[in-house]
Amino acid sequence: MTGSRGRRVSVRNARFQQWAALLRNRATRRRRGEFLVQGVRPIAMAVAHGWHVRELLHDDGAALSGWARETLHTVQAETVAVSRDLMHELGGKADTVPELLAVVALPEDDLCRIPAGPAMLTVVFDRPTSPGNVGTLIRSADAFGASGVIVTGHAADVYDPKAVRASTGSLFALPVVRMPTHQDVLSWVADVRAAGAGVRVVGTDEHGPLDVAGYDFTQPTLLVIGNETTGLSAGWRAACDRLVRIPMSGSASSLNAAAAATVALYESARQRRSGY
């Protein structure tokens, strides 16, 4: 193994308590600048996309798969053998024990990580309350060719384990940035426009005057999705160049926020494939 080795944790000591806190405590993740990643695909994606893996925890009581052995052998990280019962506690699933977990460094929340230009399609999720919705939106953004995701305001944590699992690894493939306010994002948009990209800010709203299929997504676009309950904030609503709606014919009055984002992103991908 290329990382340092020889560590073993078999009791709920201070080291174990730190890992457990990364799963349940947002403040701990921020303070330590790291988060715990569960699942084969998310760990593999983190490694494949060059994220800084600080520690790899492995089940001390199991014959490891070829994938786990290869990861432990090739990734430059401290490796720690953890007892089976403690791995079960950290794994997040009642019926399985993970063979590998990863402690990964948090990236900078810098909008410069998001590509901006004539082909940009960036999604803003404003004040989401559900980590699962955050992860689902990131997964859809990745699937349909978005250039990045921005989460604004007082929101569920992008690095909450529920969000990480729901993204099924897309969190590591797509730039995702947290911003305190919409003004921070609009300042960045102004800079992008000054550089020559005529980006349009488009919000989704059930009462929007334009059908989502009627908007030209082949142009550079910042797509804004509002809070699951209250929708777009007043600040974002005022900043939008257009509001678009998703037509529905059933009894539902609205869609889940992540589902609405997925519909709009699919329409964007369709237009970009066909040239609108």
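Placed above this text is the structure.
As the structure is a computational prediction, the values presented were derived from the model and not from experiment.

1. A look at the layout of surface pockets
Stage number 1. Here the second largest pocket is characterised by a volume of approximately 280 Å³.
Stage number 2. Forming the walls of the second largest pocket are 17 residues, and the residues nearest its centre are Gln 38, Gly 39, Val 40, Lys 93 and Pro 98.
Stage number 3. It is helix α3 (residues 40-48) that contributes the most residues to the lining of the second largest pocket, four residues altogether.
Stage number 4. Among the residues making up the lining of the second largest pocket, the classes are represented as seven nonpolar, six polar and four charged.

2. Quick look at the sheet that holds strand β5 (residues 100-105)
Stage number 1. As summarised here, the arrangement of the five strands in space is β1-β4-β3-β5-β2, forming an open sheet in which the pairing is mixed. Two strands lie at the open edges of the sheet, namely β1 (7-9) and β2 (34-37), each paired on one side alone. Going from strand to strand, the sheet's axes swing by 25° on average, the running direction of each strand aside.
Stage number 2. Pairing analysis gives four bridges linking β2 to β5, with the strands arranged antiparallel. Looking across to β5, one finds that Val 37 is bridged to Ala 102.
Stage number 3. Packed on one face of the sheet, helix α1 (residues 14-24) meets β1, β2, β3 (53-59), β4 (78-82) and β5 and runs near 85° to β2.

3. Describing helix α6 (residues 131-143)
Stage number 1. For α6, built from 13 residues, the straight-helix expectation of 18 Å at 1.5 Å per residue is met to within 8% by its first-to-last C-alpha distance of 18 Å.
Stage number 2. Of the residues making up α6, those classed as buried are Pro 131, Asn 133, Val 134, Gly 135, Leu 137, Ile 138, Ser 140 and Ala 141.
Stage number 3. If you follow the buried residues of α6, they end up packed against β6 (121-126), β7 (148-152), α7 (161-166), β8 (176-179), β11 (221-225) and α10 (257-274).
Stage number 4. Of the residues flanking the end of α6, it is Gly 145, one or two places downstream, whose phi is positive at about 85°.

4. Section: the sheet that holds β11
Stage number 1. Pairing within the open sheet is parallel, and its seven strands lie in the order β8-β7-β6-β11-β9-β12-β10. Lying at the two open borders of the sheet, with one neighbouring strand each, are β8 and β10 (210-211).
Stage number 2. In terms of strand pairing, strand β9 (residues 200-204) meets β11 through four bridges, oriented parallel. Bridge assignment links Val 201 to a residue of β11, and that residue is Leu 222.

5. Focus: the packing of aromatic side chains
Stage number 1. All chains considered together, the criterion is met by six aromatic pairs.
Stage number 2. With a centroid separation of 6.3 Å and 75° between ring planes, the pair formed by Phe 35 and Trp 51 is classed as edge-to-face. Of this pair, Phe 35 sits in strand β2 while Trp 51 sits in the loop between α3 and β3, and the two are 16 residues apart along the sequence.
Stage number 3. Residue class for Phe 35 comes out buried when judged on its relative accessible area of 0%.
Stage number 4. Among the residues examined, Trp 51 registers a relative accessible area of 15% and is labelled buried.
Stage number 5. With 4.8 Å between their ring centres and 80° between their planes, Trp 51 and Phe 172 make a pair best called edge-to-face. In this pair, Trp 51 sits in the loop between α3 and β3 while Phe 172 sits in the loop between α7 and β8, placing the two residues 121 residues apart along the sequence.
Stage number 6. Residue Phe 172 is classed as buried on the basis of its relative accessible area of 2%.
Stage number 7. Here a set of aromatic residues connected by ring pairs shows up, and it is made of Phe 35, Trp 51, Tyr 159 and Phe 172.

6. Notes on the pairing of β4
Stage number 1. The buried fraction of β4 amounts to five of the five residues, a majority that puts the element mostly inside the structure.
Stage number 2. Neither face of β4 is left uncovered, since the one carrying Glu 78, Val 80 and Val 82 and the one carrying Thr 79 and Ala 81 both have all their residues buried.
Stage number 3. Where β1 meets β4, three bridges bridge the pair, whose relative direction is parallel. Paired with Arg 7 across the strands is Val 80, a residue of β4.

About the thresholds
- Residues numbered from 1 in each chain as written.
- Predicted model: local features only at pLDDT ≥ 70, side-chain atom pairs only at ≥ 80, totals over all residues.
- Heavy atoms only, no water.
- 1 Å grid on protein atoms, 1.4 Å probe; cavity = no way out; pocket = protein on both sides within 12 Å on 5 of 7 lines; lining within 4 Å.
- Points joined across faces, edges and corners; volume = space filled by probe spheres on them.
- Helix = DSSP H or I, 4+ residues; strand = E, 2+ residues; numbered from the N terminus.
- Nonpolar A, V, L, I, M, F, W, Y, C, P; charged D, E, K, R; others polar.
- Pairing = 2+ DSSP bridges.
- Axes fitted to C-alpha atoms, helices over the stretch in contact; angles between N-to-C directions.
- Contact = heavy atoms within 4.5 Å.
- Expected span 1.5 Å × (residues − 1).
- Buried < 20%, exposed > 50% of the residue type's maximum accessible area, 1.4 Å probe, protein only.
- Phe/Tyr/Trp six-rings, centres within 6.5 Å; stacked < 30°, edge-to-face > 60°.

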